[in-house]
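# Residue-level structure breakdown
Spelled out, the chains give:
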Amino acid sequence: MAGGIVPTIIYYGIKIVTPGVFLFTACLMCAIVSLATGSSWFTAGTMGVIIVGVGIALGFPIYMTAGAVVSGAYFGDKMSPLSDTTNLAPAIAGATLLEHVRHMIWTTGPALVIALAAYLLMGLLEGGSFDSGAKEEVLTFITANYQISIACLIPPAFVVLSAALKFPILPALFCGVLLGLPFFGMQGHDVLSGREGAAGAAYILNHGVDVAVPGDASKAVSKLTELLTANGMQGVLWTVSLILCAMVFGGIIDCTGMMRSLSEALLKLAHGTRGGLVSVTIFSCIVVNALCSDQYTAIIVPGRMYKRAFEDLRLAPKNLSRCLEDAGTLTSNFVPWNTCGATMSQFFMCPQWGPGGY
């Protein structure tokens, strides 16, 4: 943000992208990046933020663009062999990684096709109704606050190339940060200055940056300002604390036998049928996501509870692993207090989901 890298990508994205295919392109691009990196959070926190900024300038509601980003990001997260949840689910169920990924195509593939068709239809229906004047106003706002240059694309290009070459994500991101530091000076910031200089590197990482908002700013400019002036590391620490609390609470529920009692009652409702068992497993993953607020717990706890039941009905382990991912991974975003729902809302600065109210 402070180096002008994100605003630069938003600037060029606004100039290039056509509104009619914007949502379709956003979902497809995030699916590709997430498939390559194996991380929905990485995709949403980098490319997703940029796409939402472009969507704001084009006039799309934040929730609509965020939906396209999350849809694509979680498709890649589910299908990528590099993803933690894609490795976790078959490990819990006793399936192999390759057969797990192949088995998920039957549910995840049609879901992505339906989503892409819906986003294409929404874009074509709404794409011609946006005000081009608002688009120019956003471009003027960006150039008034940042020095736009092709050189600003070097750090993100490095990160994307590193992901394509299968380099470890954390070292690649760290190197991307180092490459971005010289661009502080281009934007008129002193990397070494303290808070008094209003732009020290440590201060910006903790508190975000300030931009000049015109007094008669439009709704699009106001929303983009919220996105570009995020509160840095301090703004996401509440999400980290939520993750810690969720893992502790999930451990308590598992160790005290609460979930075991619930699973025994639900297994009676399955009546010993395969369809009933699958339905009970999916329902349990959703319940754990809501109660324990973490997708990993929603995969591990139901997986351990129902593994024996799947074996008794002679269902292959890949069926259990697919249920765990279909319900445990994907429904986590529908719970505002879940780590995934909270993190996505923080990335996209959605006030209706963030701290202070859902």
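### Some details on unusual backbone geometry
Residues other than glycine predominantly adopt negative phi, and peptide bonds predominantly adopt the trans conformation. In the Ramachandran plot, R314 falls in the positive-phi region, its phi being about 55 degrees despite a non-glycine side chain. Residue position: R314 is located in the loop between α16 (295–312) and α17 (317–329). When its relative accessible area of 75% is taken as the criterion, R314 is described as exposed.

### A word on helix α14 (residues 258–270)
Over its 13 residues, α14 extends 19 Å from the first C-alpha to the last, a length consistent with the 18 Å expected when each residue adds 1.5 Å. Buried residues of α14: M259, S263, L266 and A270, and no others. Projected down its long axis, α14 shows its buried positions confined to an angular sector of 70 degrees, all on one face. Of the residues flanking the end of α14, it is H271, one or two places downstream, whose phi is positive at about 55 degrees.

### Topic: the pattern of salt bridges
Summed over all chains, the structure comprises two salt bridges. The closest approach of N and O atoms between D326 and K78, which form a salt bridge, is 2.9 Å. Of this pair, D326 sits in helix α17 while K78 sits in helix α4 (residues 62–79), and the two are 248 residues apart along the sequence. Salt-bridge contacts for R308 lead to E311; the nearest nitrogen and oxygen are separated by 3.8 Å. In this pair, R308 and E311 are both assigned in helix α16, three residues apart and thus about one turn of the helix distant. Take R308: its relative accessible area is 59%, and that puts it in the exposed class. Judged by relative accessible area, E311 falls into the partly exposed class, the value being 44%.

About the thresholds
- Residues numbered from 1 in each chain as written.
- Predicted model: local features only at pLDDT ≥ 70, side-chain atom pairs only at ≥ 80, totals over all residues.
- Heavy atoms only, no water.
- Helix = DSSP H or I, 4+ residues; strand = E, 2+ residues; numbered from the N terminus.
- Buried < 20%, exposed > 50% of the residue type's maximum accessible area, 1.4 Å probe, protein only.
- Expected span 1.5 Å × (residues − 1).
- Arc of directions from axis to C-beta.
- Salt bridge = Lys/Arg side-chain N within 4 Å of Asp/Glu carboxyl O.

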